Amino acid sequence: MKEKIKREIFIGTTVSIFILIFFIFMKFFSSYPDKSLIYPMRIPDKFVSLTSQYGVFSAVQYLVMDFIKFILPFIPLVISLGVLSLYGAKFGEDKKMGILSCLIPTVIGLFYVGISTTLVLLSIGVIFAGFISTGLSEAYFRELKKWKRYRTGSNTVGKVLLVINILIFLGLFLTSLYSINYYSNSYKNETKNILESIISPITSNEMNTNEIPGYKSLTEEQKQLIQQQYQEQLSKQKDLVNSKIDEMLNSEKISALIYLSVLSMPFIVFGLLEILRTLVFSPIAGIITGIGLREVKVS
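Per chain, the residues get numbers from 1 upward, laid out in the order the sequence is written. Restriction of local features to residues with pLDDT of at least 70 applies here, the model being predicted, together with a cutoff of 80 or more for giving and counting side-chain atom pairs; totals for whole chains, interfaces and linings are based on all residues. Side-chain metrics in this entry use all non-hydrogen atoms of the structure; hydrogen atoms and water are not considered.

Some words on the packing of aromatic side chains
Then step 1. Stacked, edge-to-face and tilted are the three classes for Phe, Tyr and Trp ring pairs, Trp counted by its six-membered ring, which pair at centre distances within 6.5 Å; planes under 30 degrees apart are stacked, over 60 edge-to-face, the rest tilted. As enumerated under the stated definition, the model contains 13 aromatic pairs in all.
Then step 2. Judged by centre distance (6.3 Å) and plane angle (85°), the ring pair of Trp147 and Tyr150 falls under edge-to-face.
Then step 3. Through a chain of ring-to-ring contacts, the aromatic side chains of Phe22, Phe23, Phe70, Phe74 and Phe281 assemble into a single cluster.
Then step 4. Above the face of the Tyr112 ring, Lys27 is positioned so that its terminal group lies 5.6 Å from the ring centre. Charge-over-ring contacts are defined here by two conditions on Lys NZ or Arg CZ: a distance within 6 Å of the ring centre and an angle within 35 degrees of the ring normal.

Rendered as structure tokens:
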């Protein structure tokens, strides 16, 4: 009995630590799920800026590092679920230990990172994963015939991550739907900044005096008058360009396309998370149970 309690405390503590690391990484890398709703509009401007200053390699490197920052927080979460799967396969179902080891750090992490619709639903998914993981892994370990050590972890964590991904999708969709005006305005502002950055070199503030015949022979008063007229004309030109950009972005068709872009982001994020679940996260959990169950006799 004492051995069982010690084991539960050790496994529960290990799982809790990794879940806390999950939330700490999310805060440290600013990899909040809600951030994905606005992130795509910032990529073009950042890419153009970095390419012009440092070259294409630096711009690509920045995008890759940003993508890694998005993935990284999920690794400790996968490890914690892999440990629960290992425990369930080895020692059987333990709902109490599983839910407590996930509930406490998840509540702490939620308040540490900040409460939002998406994070609340994500937290519910993590707690549900703790509740179901040990029983699910026990069932898989009994039923599977081939590659059962590896597949116990990969199948268990794959299933619970699917639930978590669905809840993240619901959170993002509800957030984008109820805050559609905020996100559409953000998309419009980012688009406007990109267009203005492209047009600004054309409307330079500096007048090319070499193109004006006899400019050097003019008096200072005449030069100042020409400069003033040029700035007035330039200001009118910029106002016209800005009004045309605003008119375009606020048109019904462009507004509808922006709404569609905002509402499609949860689907894109869900698809990305599902690819990662299949290619990265589930295999990590499979490796954990594959190594941890080496000494367990396979029937």
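Quick word on the environment of Ile99
Then step 1. A run of H or I in DSSP becomes a helix once it reaches four residues, and a run of E becomes a strand once it reaches two; helices and strands are each numbered from the N terminus. Position of Ile99 relative to the elements: it lies in helix 5 (residues 95–113).
Then step 2. Residue burial is assigned from relative accessible area. The probe radius is 1.4 Å, only protein chains are included, and a residue is buried under 20% of its type maximum, exposed over 50%, and partly exposed in between. Among the residues examined, Ile99 registers a relative accessible area of 29% and is labelled partly exposed.
Then step 3. Put simply, Ile99 and Gly12 are 87 residues apart on the chain and 9.2 Å apart in space, counted from C-alpha to C-alpha.
Then step 4. We call two residues in contact whenever any of their non-hydrogen atoms come within 4.5 Å of each other. Beyond its immediate stretch of four places on either side in the chain, Ile99 contacts Ile127, Gly130 and Phe131.

Things to note about the environment of Leu77
Then step 1. For Leu77, the location among the structural elements is in helix 4 (residues 74–91).
Then step 2. Under the relative-accessibility criterion, Leu77 is labelled buried at 0%.
Then step 3. Sequence separation of Leu77 and Phe23 is 54 residues, and the distance between their C-alpha atoms is 8.9 Å.
Then step 4. Dropping the residues within four chain positions of it, Leu77 is found in contact with Phe18, Phe22, Val126 and Ile164.

Topic: the layout of surface pockets
Then step 1. Lining residues are defined by having an atom within 4 Å of a point belonging to a cavity or pocket. Those points lie on a 1 Å grid over the protein atoms alone, cavities being sets where a 1.4 Å probe fits but cannot get out and pockets being open sets with protein on both sides within 12 Å along at least five of seven lines. Grid points are joined across faces, edges and corners, and a volume is the space filled by probe spheres set on the points. Its boundaries defined by the atoms lining it, the largest pocket holds a volume of some 410 Å³.
Then step 2. Contributing to the lining of the largest pocket are 18 residues, with Ser36, Tyr39, Asp66, Phe67 and Phe70 lying nearest its centre.
Then step 3. Looking at the lining of the largest pocket, the elements with two or more residues in it are helix 2 (39–54), helix 3 (56–71) and helix 10 (252–292).
Then step 4. Considering every element that reaches the lining of the largest pocket, the biggest residue donor is helix 3, with five residues.
Then step 5. The residue makeup of the lining of the largest pocket, split by class, is 12 nonpolar, three polar and three charged.
Then step 6. Volume-wise, the second largest pocket comes out at about 220 Å³.
Then step 7. Along its surface, the second largest pocket is lined by 13 residues, and Gly12, Lys96, Met97, Leu100 and Ser101 are the ones closest to its centre.
Then step 8. Contributions of two or more residues to the lining of the second largest pocket are made by helix 1 (2–28) and helix 5. Each residue is assigned to one of three groups, with Ala, Val, Leu, Ile, Met, Phe, Trp, Tyr, Cys and Pro labelled nonpolar, Asp, Glu, Lys and Arg labelled charged, and all others, Gly among them, labelled polar.

Details of empty space enclosed by the protein
Then step 1. In this structure the tally under the stated criterion is one cavity of 30 Å³ or more.
Then step 2. For the largest cavity, the calculated volume is near 60 Å³.
Then step 3. Every residue along the wall of the largest cavity is listed here: Met26, Ser31, Tyr32, Pro33, Phe70, Phe74, Ile168, Leu172, Val269 and Leu273.
Then step 4. Those elements that place two or more of their residues in the lining of the largest cavity are helix 7 (148–178) and helix 10.
Then step 5. Of the residues contributing to the lining of the largest cavity, the split by class is nine nonpolar, one polar and no charged.

Thoughts on unusual backbone geometry
Then step 1. The backbone phi angle of Ser30 is positive, close to 55°, even though this residue is not glycine.
Then step 2. Given the relative accessible area of 30%, Ser30 is considered partly exposed.

Some words on helix 3
Then step 1. Expected span of a helix: the number of residues minus one, times 1.5 Å. Under the 1.5 Å per step criterion, the end-to-end length of helix 3 is 23 Å for 16 residues, consistent within 8% with the ideal 22 Å.
Then step 2. Buried within helix 3 we find Ala59, Asp66, Phe70 and Ile71. For helix 3, the arc enclosing every buried residue in end-on projection is 145°, short of the 170-degree limit, so these residues lie on one face. It is the directions from the helix axis to the C-beta atoms whose arc is reported.

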